[in-house]
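# Residue-level structure breakdown
Here is what each chain is made of, one letter per residue.
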There are 2 protein chains.
Amino acid sequence: MKTKPVKGTNDYLPQEVELRDYLQNEILKTYQSYGFERITTPILEDAENLDKSEGGENLNLIFKVLKRGDKLTKALDNSDYANLSDMGLRYDLTLPLSRYYANNRAKLVSPFKCIQMDRVYRAERPQKGRLREFVQCDIDILGSSSENCEIELINTTTKALFNIGLKNFKVKINDRGLLNTILTKTGFAEEELASVCITLDKLDKIGLDGVRNELTEKGFAASAIDNLSSLFEKQPVTLDAVKELCGENEAIDRLENILSKVDKISDGKYPVVYDITLVRGQGYYTGTVFEVESIDFKGAIAGGGRYDNLIGKFIGESVPAVGFSIGFERIFSILTDNSYSIPDLKKRIAVLYDADSFYEANIKADELRKEYNVAMYEKPKKVGKFIDKLEAGNCDGFLVFGQSDEVKFF
Amino acid sequence: MKTKPVKGTNDYLPQEVELRDYLQNEILKTYQSYGFERITTPILEDAENLDKSEGGENLNLIFKVLKRGDKLTKALDNSDYANLSDMGLRYDLTLPLSRYYANNRAKLVSPFKCIQMDRVYRAERPQKGRLREFVQCDIDILGSSSENCEIELINTTTKALFNIGLKNFKVKINDRGLLNTILTKTGFAEEELASVCITLDKLDKIGLDGVRNELTEKGFAASAIDNLSSLFEKQPVTLDAVKELCGENEAIDRLENILSKVDKISDGKYPVVYDITLVRGQGYYTGTVFEVESIDFKGAIAGGGRYDNLIGKFIGESVPAVGFSIGFERIFSILTDNSYSIPDLKKRIAVLYDADSFYEANIKADELRKEYNVAMYEKPKKVGKFIDKLEAGNCDGFLVFGQSDEVKFF
């Protein structure tokens, strides 16, 4: 039998889980202090829901669950290989949330402010920092189109980052509608925009030349590609420059309003900027998109945006919605690499006992449990070696029952 | 698109998640106070590991994940329908833990005392209280064959139950080795024992007659079936009666030791009894098995046992192991049905504001956040109706910014 976890997934050691739990609790507490409420949805999601969810490239990365019993036999007998699966593992928390809202909206306060902190799955090619099973920490506001939602999400998410000790970052904002207007102005056709956005989203990784090449390969007009790249060349492109290109429009007003209010509420603790190159991969975004970029550690640590049409796919009427997701694995990896230590951690100590004094030793351990987490271990033959192992592990001290009444701390 | 969660899974409302999180935290804190350390393993597990895991009936309930890309094409091209899947969703936490221990044992203190609280999956026919996605709360001790492990697991698990307000229960204990000896004495052959145990495990549901019928259908000797049922008829069967049947043996000594020590450590708070009918489904159990049965609410709320051979399947040398699992969904359902209310819950209040006073209202909200969780809502047109909805939801009070400085509690 195989001892390694399946590709792209991790076994976490006790010290790692301690940190992961601490971080998730701190993020949860911050979210809750802003009045968001936690919900949970199943990891399994209906196959058709996933397929129709406009998840962009993620739709190619879905783990599909095999049908069972007669249904599987029937699909195989009919060589109906496109229908071997009836469910899949969710690739994000936004699609299940949209279904959840559609299913439960009569019981929910509107606007609904909710938290999801949970596992999602993508059949990525595994690489450093890219897992197939990973945790996202999301807050969403459903049922309001007010820009105050964007401001609140940014304020709450940045507060959560500060509370776990992440500081040096900036917030980048764009608007998918405005980006579409710009792309139209540069000469792309309406039906080309989604595909152009998928390519543009790779700008960070493949650079402007890479984007040019991919757009050319996709067969788009050379003039549009030239216009686009000459606009994107001189970074940063300001909102004023965009105004000149597109004229006054609502999306620009919205962005200006959000930028100025977030700037005020940020209290100088982080910069907030317009970024014409920000796309965010998912196809379901309809308006504002935003990202937190770590300056110390490069790259996005949180991202989100407005998806006003996703819930409508379930209930036939459009419900405005906006969300922000902390990339938990990225943060866990940054803090681990930087030897982050948990403040005010309850100490864990060991009580060593002789096999026949278990009952009495446990009474002593119960006393100590008022202050510490106390693990009992039968005294092994090689006590010294065992104590070294405790120290190397996750133990802060020990007591040998019957020999001493005092805990000896490492 | 479908709005319901997939069959056998649940969307949980904010009030439900609040209770679920509270219960899981309390159980976790109790486990940790006894020095157990939390680990996590992936939900996805290698298909072959699952298949060879001796999970009894659960092996028929595995959700299988479809292969992807070339590997899927190849399997389909070759009509290799038994190999369409390379992974599955774990059906319990014990098999992944055994793999984890095999994979990480060099880094772990031995004996390793660990906690897992996480989701598992079984393709059950959904019915009240039987879900396809559900949470288990496990503690295990790996690397020790001492009976003190059993006693500690029972002590810690019952403490966790008390801490979440569950009281009226009894602990039942048996030994799979002893049960095998008894079954051999009654006339079953060595190779029949596993199958007999699977049937015996259904005694609660189908009664002694049902067991007789199923054993007869399976084609076992009528004399063995008669012996078994005359032994099981006069409940409770005492250890002394078993001693008469089997003579003195180690398993009986072990059981007597565990029974008397648990009785002492229980301090009269719950009875602990030998139960000859206790099987526990999994095929991997090798020795002691135990269960907590709720007297108020009927049925098992926790179960576990010793599985000394499972880790050996991974590393080729046998490692003693024993675990105890709280059936979280059962407990959640009992407490929900009995309107359990969480002690000392942080109050959640709403601040209602006019759209253009968001910034100032948020300053007020920040003040209140020192004491409460505070959700901000733009003042809707029908304030009265909205406040009714808040009260019906998960809110304890509200304040209309600009109208009052005091929180009004419901």
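Preceding this section is the structure that the text describes.
Notes on the structure follow. (Residues numbered from 1 in each chain as written. Chains lettered and ligands numbered in written order. Predicted model: local features only at pLDDT ≥ 70, side-chain atom pairs only at ≥ 80, totals over all residues. Heavy atoms only, no water.)

### Considerations on the packing of helix 10 (residues 239-246) of chain A against helix 11 (residues 250-266) of chain A
Helix-helix packing is described using two parameters, namely the angle between the two axes and the distance between the axes. All names here are of chain A. At their nearest, the axes of helix 10 and helix 11 sit 11 Å apart, and the two run at 170° to each other. Put simply, helix 10 runs roughly antiparallel to helix 11. Contacts between helix 10 and helix 11 pair Leu239, Val242 and Lys243 from the former with Ile252, Leu255, Glu256 and Leu259 from the latter. Looking at the contact of helix 10 with helix 11, its residues break down into five nonpolar, no polar and two charged. (Axes fitted to C-alpha atoms, helices over the stretch in contact; angles between N-to-C directions. Helix = DSSP H or I, 4+ residues; strand = E, 2+ residues; numbered from the N terminus. Parallel < 35°, antiparallel > 145°, perpendicular 65-115°, else oblique. Contact = heavy atoms within 4.5 Å. Nonpolar A, V, L, I, M, F, W, Y, C, P; charged D, E, K, R; others polar.)

### Considerations on the interface of chain A and chain B
Each partner contributes to the interface: chain A provides 94 residues, whereas chain B provides 95 residues. Counting each side, the surface lost to burial between chain A and chain B is near 8,400 Å², with a carbon and sulfur contribution of 57%. Along the contact surface separating chain A from chain B lie 12 salt bridges. Here A:Glu37 makes a salt bridge to B:Arg348, at a shortest N to O gap of 3.6 Å. (Buried area = accessible area lost by both parts, 1.4 Å probe. Salt bridge = Lys/Arg side-chain N within 4 Å of Asp/Glu carboxyl O.)

### What about the packing of aromatic side chains?
Applying the stated rule across the entire model yields 30 aromatic pairs over all chains. When the centroid spacing of 6.4 Å and the interplanar angle of 35° are considered together, the rings of A:Tyr22 and A:Tyr340 count as tilted. One end of the pair, A:Tyr22, is in helix 1 (residues 14-33); the other, A:Tyr340, is in the loop between helix 13 (328-337) and strand 12 (348-353), and 318 residues separate them in sequence. Take A:Tyr22: its relative accessible area is 15%, and that puts it in the buried class. Given the relative accessible area of 24%, A:Tyr340 is considered partly exposed. Taken together, A:Tyr12, A:Phe328 and A:Phe332 form an aromatic cluster joined through their ring pairs. Looking at A:Arg20, its charged tip hangs above the ring of A:Phe332, at a distance of 4.8 Å from the centre. The positively charged end of A:Lys113 is found above the aromatic ring belonging to B:Tyr377, 5.1 Å away from the centroid. (Phe/Tyr/Trp six-rings, centres within 6.5 Å; stacked < 30°, edge-to-face > 60°. Buried < 20%, exposed > 50% of the residue type's maximum accessible area, 1.4 Å probe, protein only. Lys NZ or Arg CZ within 6 Å of the ring centre and 35° of its normal.)

### Examining helix 14 (residues 358-368) of chain A
Buried residues of helix 14 of chain A: A:Phe358, A:Ala361, A:Asn362, A:Lys364, A:Ala365 and A:Leu368, and no others. One side of helix 14 of chain A carries all its buried residues, which in axial view fall inside an arc of 160°. The elements touched by buried residues of helix 14 of chain A are strand 12, strand 13 (373-378) and strand 14 (397-400) of chain A together with helix 5 (147-163) and helix 11 (250-266) of chain B. (Arc of directions from axis to C-beta.)

### Thoughts on the environment of A:Thr286
All names here are of chain A. Topologically, Thr286 is positioned in the loop between strand 8 (272-274) and strand 9 (288-294). A residue is classified by how much of its surface remains accessible, and Thr286, at 29% relative accessible area, is partly exposed. Put simply, Thr286 and Asn309 are 23 residues apart on the chain and 7.3 Å apart in space, counted from C-alpha to C-alpha. Discounting residues that sit within four places of it in the chain, Thr286 has contacts with Arg176, Gly177, Arg306, Tyr307, Asp308 and Asn309.

### Focus: the sheet that holds strand 6 (residues 133-142) of chain B
All names here are of chain B. The strand order across the open sheet formed by eight strands is 1-5-6-11-10-9-7-8, and the pairing between neighbours is mixed. Strands at the two margins of the open sheet, each flanked by one partner only, are strand 1 (37-38) and strand 8 (272-274). Relative to strand 11 (residues 321-327), strand 6 runs antiparallel, the two being bridged by seven bridges. Each bridged residue has a counterpart across the sheet, and for Cys137 the counterpart in strand 11 is Ile326. Taken strand by strand, helix 11 contacts strand 7 (169-175), strand 8 and strand 9 (288-294), and its axis lies near 160° from that of strand 7. (Pairing = 2+ DSSP bridges.)

### A closer look at the state of the cysteines
This model, assessed by the stated rule, comprises zero disulfides over all chains. Take A:Cys197: it sits in no disulfide, and the sulfur closest to it among the cysteines is that of A:Cys246, at 13 Å. Since its relative accessible area comes to 3%, A:Cys197 is described here as buried. You can see B:Cys395 has no disulfide; the closest cysteine sulfur is in A:Cys114, sitting 15 Å from it. When its relative accessible area of 6% is taken as the criterion, B:Cys395 is described as buried. (Disulfide = S-S within 2.5 Å.)

Purely geometric numbers; function is a separate question.
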